[in-house]
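A structural walkthrough
Chain residues, written in single-letter form:
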Amino acid sequence: MTRLCTFALADRLLAIDADQIREIVTLRDLTAVPGSPRHVRGLVNLRGQIVACIDLGVLLAFDCPPTSKQLAVVVADGDELVSMAVDRVVDVIELDPGDIEPVPPTVPRVVADSSIGIYQGSPQLLLILDLGHLLEVSSPRLEVS
Amino acid sequence: MSDLDVEILVEFLAESRENLDQMERELVVLERDPRAQTALHAIFRAIHTIKGTAGFLGLDHLQHLTHVGESLLSRLRDGELPFTPTLASLLLRLVDAVRGMLGHIERHQAEGADTCADLAAELARATDDGSDAPTPAAAAPVVPADAAVEPAPAVERAPVVAAVELAPPPAAAAPPPAGGARTPTDPTIRVDVGVLDQLVNLAGELVLARNRLAQYVSTWTDPGHLASWQRLHQISSQLQEQVMKTRMQPIGAGWAKLPRTVRDLASQCGKQVRIEMEGGETELDRTLIEAIRDPLTHALRNAIDHGIESPSDRLAACKEAEGVIRLRAYHDSGQVHIEIADDGAGIRPDRVRAKAIERGVISADAAARMSDADLVRLVFQPGFSTAAVVTSVSGRGVGMDVVRSNIEKIGGQVDLASVPGDGTTLRITIPLTLAILPALIVESGGQRYAVPQAMLRELVRIDASHPIEHVHDAPVFRLRGRLLPLIDLAAAVGDAPSQHPRLVMVIATDGVEFGLVVDHYHDSEEIVVKPLGRHLRDLTQYGGATILGDGGVVLIVDARTLARRVNLLGEVAIAATTAARDHGAAGDAASQRSLVLVRQGEHGRFAVPLEDIDRIAEVPTEALARTGGDLVVQLHGDLLPVLRLADALGTDGAEPASLVSLIVCGRTGQRVGVAVDQVLDIVDLIPERRWSNHRLGVTGTVIVDGGVVELLDLPGLIASHAPHLSRSTP
C-alpha cells in the first residue's frame with residue numbers, strides 16, 4: 001500500500017507520497033526573489049532555515065493565476081528543504097499501487113512527465129505527482145547537453 | 001578496518017603533516033645557519049616521530065624511508081657530517097616524498113608500491129656510512145623530550161602484524177609515540193571541522209532567536225521574566241563569542257611553508273631572498289586562513305620575481321645581496337591586517353603609466369591626471385603586468401588582479417604603496433570571520449536587501465543639489481567632481497526599477513566605483529549568511545540570504561556581480577577579469593557560462609560567450625570607415641577591422657543608431673570588432689538546449705528571461721564572413 005497526502009490546487013485534486021512530507025506550514029512573510037524563475041514564489045523562514053516556496057500551478061502550467069494561498073507542504077530535496085504552496089490539504093489515504101492508472105496521452109507533457117498516474121476511486125479524479133521529478137524540473141539542472 | 005583504526009590513522013596523518021611542516025621550516029633555518037642546533041634537533045625529532053609511528057602502524061616503506069633520513073640526520077647532529085645546501089635540498093625532497101606517501105595512505109588507507117627507493121639510496125649515499133651506524137632511535141639522549149620518545153623503539157621492534165593492516169586496537173590504547181609535549185593531560189583535542197561549523201551556525205541561530213524575542217521584552221513587566229531574559233541575553237552572546245573562537249587559528253599556521261616557498265622561488269629566479277615573519281600568532285577564522293593562502297603566495301611570488309633585484313643589481317645599488325621580505329600580521333579595529341613588504345626596486349610610476357596606456361587599461365589623458373600613488377595601484381587592473389619578461393614564476397598577466405579579486409571575495413581589501421628604489425609594501429585587510437557579516441539593510445522598490453559593508457565607501461542623499469543626471473540615457477551622479485555610474489538596485493537584481501530613489505550607496509570593488517541607488521536605509525546589522533538553495537543557485541546577483549531580527553528573510557546583494565556589469569558597460573577590458581574569475585572559482589564554473597547579451601535590430605537578441613571577448617567598446621557610428629572594402633575603426637591608436645553583425649547575419653536594414661557597440665574578439669589570430677546595436681547585460685547560465693542551425697556562426701540557442709536567444713560563435717562567424725581576417729597566424 002502507498003500512503004498519499006491529497007491536496008487541492010486550482011480546483012484540481014493532487015497527491016504526493018505522504019512519507020516524503022516533513023510538515024505542513026502556514027507561510028508568513030514570504031520574501032519575493034527578483035530575477036527568480038516564475039514558479040519560485042519566494043523564500044520563507046522555517047525556524048531559522050531559509051526555504052524556497054514553489055508554485056506548482058505555475059510549474060505545471062495549470063491554467064490559473066499564481067496562487068496566493070498561505071498553506072504549504074514541506075518536503076526534503078536532498079539535504080535542503082523545499083515548500084510547495086497548496087490551496088487546501090484534503091486527506092491522507094492508502095492506495096494499492098495496482099489501482100493507479102497511467103496518465104492518458106492527451107494530458108499535456110509537462111503534467112504527464114511529472115505524474116506517476118491517476119486514481120479513479122475518489123470522488124474527484126486524483127493526479128498522483130512524481131515528487132522527485134518535480135524537484136528536478138523546478139531547480140536549474142547542472143549538466144550541459 | 002575498524003573505526004578506531006581509521007581514527008588512529010587520521011590522527012597519525014594530521015600529526016605527521018604538522019611534523020613535516022616543522023621540518024620544512026627548520027630546514028630553511030638550518031640552511032641559513034648550519035650551526036642552529038635547536039633546529040637540527042627539531043628536525044630529528046620530527047622525522048623520528050614519523051618513523052616510530054609508521055613502524056607502529058606497519059607502514060614499512062614509510063618507515064624505511066624515514067629511517068634512512070634519520071640516519072643521515074643523526075650523523076649531522078653528531079657533527080660527523082657538515083650541513084650543506086645540497087643536503088638541505090635532499091632533505092626537503094625527503095619531506096616532499098613523505099608527504100606524497102601520506103597522501104597515498106590517506107586515499108587508500110594503505111601504502112602503495114615503494115616509489116622512493118632512489119631517494120632512499122641517495123640519502124644512504126649522503127650518509128656516507130657503509131658501516132653500521134648506530135640507529136638513532138636507540139641513541140637519542142640529546143633530545144630533550146626523551147621521555148616521551150622512549151616507548152617508540154619498543155613498539156618499533158614489536159612484530160608487525162601485517163604489512164598494510166593497522167595494529168590491533170589494544171596496542172592503540174597506548175599513547176602514540178609523539179615527540180612533542182603531548183602528554184595524557186594535553187589540554188587540546190582534535191575536533192571535526194564539520195562539528196565546529198554546525199556549532200557556529202547554531203550559536204548564530206540562537207542569537208537570532210534571542211533577537212526575535214527581544215521585540216516582545218519591552219511589554220514584559222514581571223521582574224522574574226526580565227531577569228531570565230537578561231541572563232539568556234548574556235549567555236547567548238558569550239556562547240557565540242566562545243564558539244567563534246573555536247574556529248580561530250593563528251595565522252602563522254598557514255605560514256609554515258612560506259620559508260620553503262621563498263627559498264625555492266628565489267633560487268628559481270637566481271635571487272637571494274629571506275623572509276622575516278612577525279605576528280604569526282594573530283588569530284583569525286580558519287576558513288580565512290585557507291582563503292588567503294593563495295593570494296599570499298601570489299604576492300610573495302610577485303615580490304621575489306618583480307620586486308627584489310638580482311644580487312648584482314642590489315650590490316650596485318648599495319644594498320645587501322640578499323633581499324628581505326617582511327611579512328607582518330596584526331589585529332586592528334576588528335580586522336586583520338597583513339603587510340608584505342620587500343626592500344626591492346619598487347614600482348616606477350612612469351613605467352606603470354607607459355604600460356597601462358600601451359595595454360589600453362587607461363587613456364593617456366586619464367594617466368596624465370593620476371597621482372603617483374594611484375598609478376602604482378593600476379597594477380591591480382586585470383591583464384596588467386610590468387614584468388619585462390615572462391618567467392616560469394610570474395608575469396603572465398594574471399597577477400595582482402587575482403590577489404585583489406581573491407581578497408575582495410572574502411570581504412577584504414588590498415592596497416599598495418611603493419617607493420622607487422626602496423621597495424614595495426602590499427597591505428591586505430580582511431575581516432576576522434566570514435560567518436558573520438556587517439551589512440546595511442536597505443530598501444529598494446518596496447523590498448529589503450542586505451548590502452555587505454566591506455565594499456561600501458559612503459552614503460549620499462539624492463536631492464535637488466545632488467540630482468541623478470543622465471549621459472546618453474545612462475544615469476550618473478556627480479560626487480565631488482567625479483562622475484559616478486549609477487545602478488538601480490531593484491532593477492539590477494531583476495525587479496521593476498525603483499520609483500523613489502533617494503540614496504546613493506558608493507561601492508568600490510573589482511577596481512570600479514559605482515553608485516547603487518536605493519530608496520532608503522533601515523539599519524546596519526551583523527548578519528549570518530545562508531545559502532539560497534538549489535532552486536535559486538543561478539541568481540548570481542545574490543550572495544545568499546539572511547534572517548533578520550524580526551524573522552524576515554532578506555536577500556544579500558552581491559556587489560561584485562553588479563560591479564561586473566558596470567565594468568562591462570563602462571568600456572573596461574574584461575577578458576583578464578574573466579580569466580581571473582575562472583582562475584579563482586574553478587569549481588562551480590564548470591557547467592555555467594557567462595554570456596554577454598547583445599541586441600541587434602529591433603528584436604534580435606544574441607548571446608556571446610564572455611571568454612570569446614577581449615573587450616567591449618562603444619564608438620560613434622561615423623567613426624566606422626571603409627578602406628579597401630573593409631570596415632575599420634580607430635580604437636586606442638590601433639586600426640581595428642570591423643564586421644557588422646547585421647551584415648554577417650543578413651538581418652535587418654534598420655537605421656543605425658548614433659553609437660555602436662564593438663565586441664572585440666581576438667580568438668581568430670587578429671583582433672576583430674563585431675559591431676552590434678547595443679550591449680545589454682551579462683548573464684551566468686547553463687546553456688540548456690542546443691541544436692544545429694543552418695546559419696553559420698550560430699551554434700545554438702539559450703533561454704534568457706523566458707525568451708529565446710541565439711548563441712553566437714564569434715570565431716566561426718568571423719571565419720565564415722570575413723575569412724581574410726582570421727587567416728593570420730594565431
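Some remarks on the overall build of chain B
Helix and strand counts for chain B come out as 22 helices and 29 strands. Looking at chain B residue by residue over its 730 residues, the buried ones come to 38%. Restricting the contact set of chain B to residue pairs at least 6 apart, pairs at least 24 apart contribute 68%.

What about the overall build of chain A?
Across its full length, chain A carries three helices and 10 strands. In chain A, the succession of α and β elements from N to C terminus is β-β-β-β-β-α-β-β-β-α-β-β-α. Every one of the 145 residues in chain A was classed for burial, and the buried ones make up 36%. Pairs at least 24 residues apart make up 50% of the contacts formed inside chain A by residues separated by at least 6 positions.

A closer look at the interface of chain A and chain B
Contact residues are listed per partner, giving 25 residues for chain A and 28 residues for chain B. Residue assignment for the side of chain A that touches chain B shows that the elements contributing at least two residues are β4 (40-46), β5 (49-55) and β7 (80-86) of chain A. The greatest single-element share of the side of chain A that touches chain B, amounting to four residues, is contributed by β4 of chain A. Of the residues belonging to the side of chain A that touches chain B, the class tally is 12 nonpolar, eight polar and five charged.

Topic: the pairing of β5 of chain A
Residues and elements named next belong to chain A. Most of β5 is tucked away: six of the seven residues are buried. Across six bridges, the pairing between β4 and β5 is antiparallel. From the neighbouring strand, L43 faces β5, where its bridge partner is A52. Count of turn residues in the β4/β5 antiparallel hairpin: two residues, of which R47 carries a positive phi of about 45 degrees. As defined by bridge partners, β5 adjoins β7 across four bridges and the pair is classed as parallel. Pairing of A52 across the sheet is with V82, part of β7.

What about unusual backbone geometry?
All names here are of chain A. Unusually for a residue other than glycine, A10 sits at a positive phi of about 50 degrees. As for its position among the elements, A10 is in the loop between β1 (2-9) and β2 (12-17). Phi is positive for A61, which is not a glycine, with a value near 55 degrees. If you trace the backbone, A61 turns up in the loop between α1 (56-59) and β6 (71-77). According to the C-beta neighbour criterion, A61 is exposed, with 12 such atoms within 10 Å.

Structural notes on the pairing of strand β15 (residues 512-518) of chain B
All names here are of chain B. Of all the seven residues making up β15, five are buried; the element is thus mostly covered by neighbouring parts of the structure. By the bridge criterion, three bridges tie strand β13 (residues 482-488) to β15 in an arrangement that is parallel. Bridged to I487 within β15 is L516.

A few points about the nonpolar core
One finds V451, L516 and V557 of chain B to be the most contacted residues of the largest nonpolar core, which totals 78 residues. Residue contacts for L516 of chain B: discarding those within four places in its chain leaves V451, I487, L489, M505, I507 and L562 of chain B.

Things to note about the sheet that holds strand β8 (residues 436-444) of chain B
All names here are of chain B. With mixed pairing, the five strands of this open sheet are ordered in space as β16-β8-β9-β18-β17. The two strands at the open ends of the sheet, each matched to only one other strand, are β16 (520-528) and β17 (542-547). Between one strand and the next, the sheet's axes are offset by a mean angle of 35 degrees, whatever the strand orientation.

A short note on the packing of helix α3 (residues 60-77) of chain B against helix α4 (residues 85-108) of chain B
Residue and element names in this part refer to chain B. Running from amino to carboxyl end, α3 crosses α4 at an angle of 165 degrees, the nearest separation of the two axes being 11 Å. Accordingly, the angle class assigned to the pair α3 and α4 is roughly antiparallel. In terms of crossing hand, the pair formed by α3 and α4 is left-handed. Counted together, H61, L62, L65, T66 and G69 of α3 and L91, L94, A97, V98 and M101 of α4 form the full contact between these two elements. Class assignment for the residues of the contact of α3 with α4 results in seven nonpolar, three polar and no charged.

Here we look at the sheet that holds strand β14 (residues 503-509) of chain B
Residue and element names in this part refer to chain B. If you trace the six strands from one edge of the open sheet to the other, you get β10-β14-β15-β13-β12-β11, paired in mixed fashion. Because the sheet does not close on itself, it has two edges, and the strands there are β10 (456-461) and β11 (469-471). Sheet twist, expressed as the average angle between the axes of neighbouring strands with direction ignored, equals 40 degrees. As paired elements, β11 and strand β12 (residues 474-479) share three bridges and run antiparallel to each other. Opposite V471, over in β12, you have A474 as the bridge partner.

Brief notes about the environment of V103 of chain A
Within the secondary structure layout, V103 of chain A lies in the loop between β8 (88-95) and α2 (109-113). Aside from chain neighbours lying at most four places away, what touches V103 of chain A is A112, S115, G117 and I118 of chain A.

Some points on the environment of L479 of chain B
Residue and element names in this part refer to chain B. Inspection of the secondary structure assignment puts L479 in strand β12. Residues L479 and V460 lie 19 residues apart in sequence; the distance between their C-alpha atoms is 8.7 Å. Sequence-distant contacts of L479, defined by excluding residues within four places in its chain, comprise V460, L484 and V506.

Some details on the packing of helix α11 (residues 258-268) of chain B against helix α12 (residues 286-307) of chain B
The axes of two packed helices give the description: the angle between them and the distance between them. Residues and elements named next belong to chain B. Two numbers describe how α11 lies on α12: the axes approach to 10 Å, and their chain directions differ by 35 degrees. Classified by chirality, the crossing of α12 by α11 is right-handed. Mapping the contact onto sequence places L258, T261, V262, L265 and A266 in α11 and T297, L300, R301 and I304 in α12. For the contact of α11 with α12, the residue count by class is six nonpolar, two polar and one charged.

Notes on the confidence of the model for chain B
All names here are of chain B. Taken over all residues, the pLDDT of chain B has a mean of 76, while the share at 70 or more is 80%. Taken element by element, chain B is modelled with least confidence in helix α20 (residues 575-584), mean pLDDT 37, and with most confidence in strand β18 (residues 553-557), mean pLDDT 93. Between residues 388-398, whose pLDDT stays under 50, and residues either more than four places distant or in other chains, the model counts 27 contacts. Here residues 570-590 is modelled with pLDDT under 50, and outside its nearest four sequence neighbours on either side it reaches 44 contacts, counting other chains as well. Interface scoring of the predicted complex returns ipTM 0.88; its pTM is 0.52.

Calculation criteria
- Residues numbered from 1 in each chain as written.
- Chains lettered and ligands numbered in written order.
- Predicted model: local features only at pLDDT ≥ 70, side-chain atom pairs only at ≥ 80, totals over all residues.
- Helix = DSSP H or I, 4+ residues; strand = E, 2+ residues; numbered from the N terminus.
- Buried ≥ 20, exposed ≤ 12 C-beta atoms within 10 Å, placed from the backbone.
- Contact = placed C-beta atoms within 7 Å.
- Nonpolar A, V, L, I, M, F, W, Y, C, P; charged D, E, K, R; others polar.
- Pairing = 2+ DSSP bridges.
- Core = buried A, V, L, I, M, F, W, Y, C linked by C-beta atoms within 7 Å.
- Axes fitted to C-alpha atoms, helices over the stretch in contact; angles between N-to-C directions.
- Parallel < 35°, antiparallel > 145°, perpendicular 65-115°, else oblique.
- Left-handed = near helix turned anticlockwise from the far one by under 90°.
- pLDDT = per-residue confidence, 0-100.

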